[in-house]
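Reading the structure
If you want the building blocks of each chain, they are given just below.
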Amino acid sequence: MKICCIGAGYVGGPTMAMIAMKCPEISVHVVDLNADRIAAWNSSELPIYEPGLDAVVQEARGRNLTFSTDVETAIAEADIVFISVNTPTKTYGIGAGRAANLEFVEKCARQIGRVAQGHTIVVEKSTLPVRTAEAVKRILSSVATEATFDVLSNPEFLAEGTAVNDLLNPDRVLIGGESAEAIQTLADIYGNWVPSERILTTNLWSSELSKLTANAFLAQRVSSINAMSALCEATGADVDEVAKAIGTDSRIGPKFLKASVGFGGSCFQKDILNLVYLCSHFGLQEVAEYWEQVVVMNDYQKRRFAESIVKTMFNTVSSKRIAIWGWAFKKDTNDTRESAAIYVCRDLLRERAQLHIYDPRVSKARILEDLEIVMRTNGDSLSNSERELIEKNVHVATTSYEAAEEAHAIAVLTEWDEFKTLDFDRVYQGMHQPAFVFDGRNILNHSKLAQIGFEVHAIGKK
Ligand SMILES: NC(=O)c1ccc[n+]([C@@H]2O[C@H](COP(=O)([O-])OP(=O)(O)OC[C@H]3O[C@@H](n4cnc5c(N)ncnc54)[C@H](O)[C@@H]3O)[C@@H](O)[C@H]2O)c1
Ligand SMILES: O=c1ccn([C@@H]2O[C@H](COP(=O)(O)OP(=O)(O)O[C@H]3O[C@H](CO)[C@@H](O)[C@H](O)[C@H]3O)[C@@H](O)[C@H]2O)c(=O)[nH]1
């Protein structure tokens with residue numbers, strides 16, 4: 001059997017590497033238009049940082065896992081084609097800022113229709129609005145020559161930073177479709193390592209909608225605990241204690257109740273906005289407004305954090321040096337898409353703070369590009385004053401200590417483990433007094449820091 005996966009990103013790369021590792025008899029070909037990305041997949045420096053992924057890729061690459069830019073050949077040879085391309089929020093036209101941009105998915109469908117041979121199972125791996133499979137089927141049948149198709153929905157639930165373990169031991173694999181035979185073919189592949197009771201099958205629309213629903217529920221938990229964090233700060237309750245107290249109720253459960261500076265990542269906001277758009281499209285205004293609040297609350301949390309830094313530091317951070325610890329949207333990934341750090345730093349830059357940023361996995365170029373995009377207030381390019389602000393006020397450090405040297409404050413924006421074990425006496429000695437710590441992840445030992453002399457401000461604690 002031959003598999004082709006279109007899209008060698010955070011999902012296509014790891015999922016296909018896992019299938020190839022677990023199914024040595026299947027030939028897995030991952031293709032992408034981005035030649036740099038493909039070159040990186042073929043090198044010792046993979047394009048994404050994900051614990052444990054190097055070993056998985058190394059085992060299968062060159063045996064039954066290949067990466068290339070030859071999309072058409074890979075499609076023509078495949079029995080199964082996964083579509084794993086990006087589906088970002090639309091930035092133009094109808095639904096701008098909410099709807100998913102399905103341009104890349106449609107291009108894939110047209111290309112598959114043109115070049116596929118024989119019977120081909122087309123699998124939606126990308127996260128898509130409910131009923132996209134209908135459009136995919138129509139496109140395939142309108143451009144296809146002699147090829148025939150089944151379309152399945154098989155959304156991916158892996159989280160970045162834990163992708164390898166999530167793929168090895170998924171809570172469930174979801175397959176939606178109409179053809180029992182096609183569903184079975186895909187289920188048999190996962191059946192090589194996933195217990196059959198964890199392979200759920202549904203109709204196409206339930207599968208497509210379950211992915212958006214799962215992300216909406218997960219993000220809603222984060223926004224719910226973050227909403228409570230504001231009330232905790234106002235009342236003297238401690239959000240970690242509240243989370244523990246409610247999380248021990250088996251109906252609520254302990255996971256995903258960590259208050260933070262706000263959720264980030266490429267999925268939560270995009271998928272909720274997509275859900276909001278869909279609800280409005282179907283005339284369900286109350287439902288749309290209900291889900292939109294999850295994103296509204298998240299924006300509030302990011303803004304609130306930056307504002308509290310300014311307010312605490314005597315209402316001005318102008319020319320003050322602030323160490324930013326962490327840029328990735330969560331630990332154990334180099335992905336910065338929608339990271340809370342980007343928005344907090346934008347707000348601090350507008351207050352003229354001097355930012356000294358350190359992240360163990362994110363490159364200087366990525367940090368600067370993220371800031372250049374977020375600082376634009378007018379169109380596609382930076383104004384001279386915006387560019388000057390970044391050039392003069394942003395410095396990228398190579399260690400946490402370097403970032404904190406001569407700083408007035410430290411803001412922890414990603415929960416990297418290495419921040420917990422630093423020599424805080426040393427950090428304190430190098431800082432201006434009062435030395436502020438704003439722990440946006442509640443990961444540091446606050447009482448120990450206070451003993452050293454730091455003034456600590458955390459999320460959801462007075
Ligand atoms: N990142 C995650 O953790 C995650 C988890 C579950 C689901 N998803 C969903 O999976 C999909 C992919 O996400 P991602 O994070 O891997 O995106 P990504 O941007 O990292 O990767 C997508 C890749 O597709 C390529 N591509 C786009 N159009 C193409 C075409 N026509 N032909 C060949 N290649 C093409 C791009 O060059 C890019 O490398 C999205 O729908 C996302 O919502 C993501
Ligand atoms: O209690 C929590 C849990 C998460 N977060 C934040 O929420 C964001 C998202 O985290 P997480 O869900 O762990 O990572 P993602 O890689 O975005 O994974 C989500 O999005 C993927 C893409 O759709 C899905 O496949 C996953 O199931 C879903 O968890 C990050 O900024 C986290 O720091 C919190 O602030 N508190």
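Residues numbered from 1 in each chain as written. Chains lettered and ligands numbered in written order. Predicted model: local features only at pLDDT ≥ 70, side-chain atom pairs only at ≥ 80, totals over all residues. Heavy atoms only, no water.

As for the UniProt feature "active site" (unreviewed entry) in the protein
- Mapped onto the present numbering, the UniProt feature "active site" (unreviewed entry) falls at Cys-267.
- Tracing the sequence through the fold places Cys-267 in the loop between helix H10 (239–247) and helix H11 (268–281). (UniProt positions renumbered as here; feature names shortened; annotations may be inferred. Helix = DSSP H or I, 4+ residues; strand = E, 2+ residues; numbered from the N terminus.)

Description of the packing of helix H14 (residues 364–375) against helix H15 (residues 384–393)
- Interaxial distance between H14 and H15 falls to 10 Å at its minimum, and their mutual angle equals 150°. Note on packing geometry: the crossing formed by H14 with H15 is right-handed. Taken together, the residues of H15 that come into contact with H14 (itself represented by Leu-368, Leu-371, Glu-372 and Met-375) are Glu-386, Arg-387, Leu-389 and Ile-390. (Axes fitted to C-alpha atoms, helices over the stretch in contact; angles between N-to-C directions. Left-handed = near helix turned anticlockwise from the far one by under 90°. Contact = heavy atoms within 4.5 Å.)

Things to note about the packing of aromatic side chains
- For the structure shown, the criterion picks out 13 aromatic pairs.
- Relative to Phe-454, the ring of Tyr-428 lies with its centre 5.1 Å away and its plane at 70°, an arrangement referred to as edge-to-face. With Tyr-428 in helix H17 (residues 424–429) and Phe-454 in the loop between helix H18 (446–452) and strand E14 (455–458), the pair connects residues that are 26 residues apart, well separated along the chain.
- Exposure remark for Phe-454: the relative accessible area of 4% places this residue in the buried category.
- Of the aromatic side chains, those joined through ring pairs into one cluster are Trp-325, Tyr-358, Phe-419, Phe-424, Tyr-428 and Phe-454.
- It is Arg-131 that lies over the ring of Trp-205; its NZ or CZ is 4.0 Å from the centre. (Phe/Tyr/Trp six-rings, centres within 6.5 Å; stacked < 30°, edge-to-face > 60°. Buried < 20%, exposed > 50% of the residue type's maximum accessible area, 1.4 Å probe, protein only. Lys NZ or Arg CZ within 6 Å of the ring centre and 35° of its normal.)

Quick look at the nonpolar core
- Counting residues in each nonpolar core, the largest one holds 66 residues, and the members touching the most others are Ile-322, Ile-324, Trp-325, Trp-327, Leu-371, Ile-410 and Phe-454.
- In terms of nonpolar packing, the next biggest core, distinct from the first, is built from 44 residues, Cys-23, Ile-183, Leu-186 and Ile-199 among them. (Core = buried A, V, L, I, M, F, W, Y, C linked by side-chain atoms within 4.5 Å.)

Details of the pairing of strand E10 (residues 354–358)
- Taking burial as the measure, the five residues of E10 include five buried ones, the bulk of the element.
- Neither face of E10 is left uncovered, since the one carrying Gln-354, His-356 and Tyr-358 and the one carrying Leu-355 and Ile-357 both have all their residues buried.
- Bridging between strand E9 (residues 321–325) and E10 involves five bridges; their strand directions are parallel. Within E10, the position partnered with Trp-325 by the bridge is Tyr-358.
- Regarding the hand of the β-α-β motif, the stretch spanning E9, helix H13 (residues 340–350) and E10 is right-handed.
- Examined bridge by bridge, E10 and strand E11 (residues 394–396) share three bridges and lie parallel to one another. Looking across to E11, one finds that Ile-357 is bridged to Val-396. (Pairing = 2+ DSSP bridges. Right-handed = clockwise from strand over helix to strand, strands pointing away.)

So, the domain arrangement of the protein
- Here the protein is described as being made up of domain 1 (2–202) and domain 2 (267–458).
- When each unit is reduced to the centre of its C-alpha atoms, the spacing between domain 1 and domain 2 is 33 Å.
- Each partner contributes residues to the interface: domain 1 has 22 residues there, and domain 2 has 17 residues.
- Across the interface of domain 1 and domain 2, roughly 1,600 Å² is buried in total on both sides, 51% from carbon and sulfur atoms.
- Here domain 1 and domain 2 share two salt bridges between them. (Domains from an automatic or database assignment. Buried area = accessible area lost by both parts, 1.4 Å probe. Salt bridge = Lys/Arg side-chain N within 4 Å of Asp/Glu carboxyl O.)

With respect to a nonpolar patch on the surface
- Judged by side-chain polarity, Phe-282, Leu-284 and Val-287 come together as a nonpolar surface patch covering roughly 270 Å² of accessible area.
- Along the chain, the position of Val-287 falls in helix H12 (residues 285–312). (Patch = residues over 30% accessible without salt bridge, like charges linked within 9 Å, V, L, I, M, F, W, Y side chains within 5 Å. Areas by Shrake-Rupley, 256 points an atom, 1.4 Å probe, with all protein chains shown as cover.)

What about the site of ligand 1?
- The environment of ligand 1 is made up of 25 residues, and the closest members are Asp-32, Arg-37, Thr-87, Glu-160 and Lys-270.
- Tyr-10 places a polar main-chain atom, nitrogen or oxygen, 3.0 Å from an oxygen atom of ligand 1.
- Between an oxygen atom of ligand 1 and a main-chain N or O atom of Val-11, the distance comes to 2.9 Å.
- Within the complex, the protein chains bury 92% of what would otherwise be the 820 Å² of accessible surface of ligand 1.
- Looking at the shell around ligand 1 residue by residue, the class counts come to nine nonpolar, nine polar and seven charged.
- Per-domain counts for the shell around ligand 1 show at least three residues from each of domain 1 (2–202) and domain 2 (267–458). (Near = heavy atom within 4 Å. Polar contact = N/O pair within 3.5 Å; in protein donor to acceptor, adjacent residues only side chain to side chain. Nonpolar A, V, L, I, M, F, W, Y, C, P; charged D, E, K, R; others polar.)

Topic: the sheet that holds E11
- Here we have six strands laid out as an open sheet, ordered E11-E10-E9-E12-E13-E14, and parallel in their pairing. Where the open sheet ends on each side, the last strands, each with one partner, are E11 and E14. Within this sheet the neighbouring strands show an average axis-to-axis angle of 20°, counted without direction.
- The sheet contacts of H15 involve E10 and E11, and relative to E11 the element is tilted by about 45°.

Structural notes on the environment of Leu-168
- In this structure, Leu-168 sits in helix H7 (residues 163–168).
- According to the relative accessible area criterion, Leu-168 is partly exposed, its value standing at 28%.
- For the pair Leu-168 and Lys-22, spaced 146 residues apart in the sequence, the C-alpha separation amounts to 9.2 Å.
- When near neighbours in sequence (up to four residues on either side) are disregarded, Leu-168 contacts Met-18, Met-21, Lys-22 and Trp-193.

Looking at the pairing of strand E5 (residues 119–124)
- In terms of burial, E5 is a largely internal element, five of the six residues being buried.
- The pairing of strand E4 (residues 80–83) with E5 spans four bridges and is parallel. Its bridge partner lying in E5, Ile-80 is registered against Ile-121.
- As for the winding sense of the linkage, the β-α-β connection from E4 through helix H5 (residues 103–115) to E5 is right-handed.
- Pairing of E5 with strand E6 (residues 148–153), which is carried by six bridges, proceeds in the parallel orientation. Counted as the bridge partner of Thr-120 is Phe-149 from E6.

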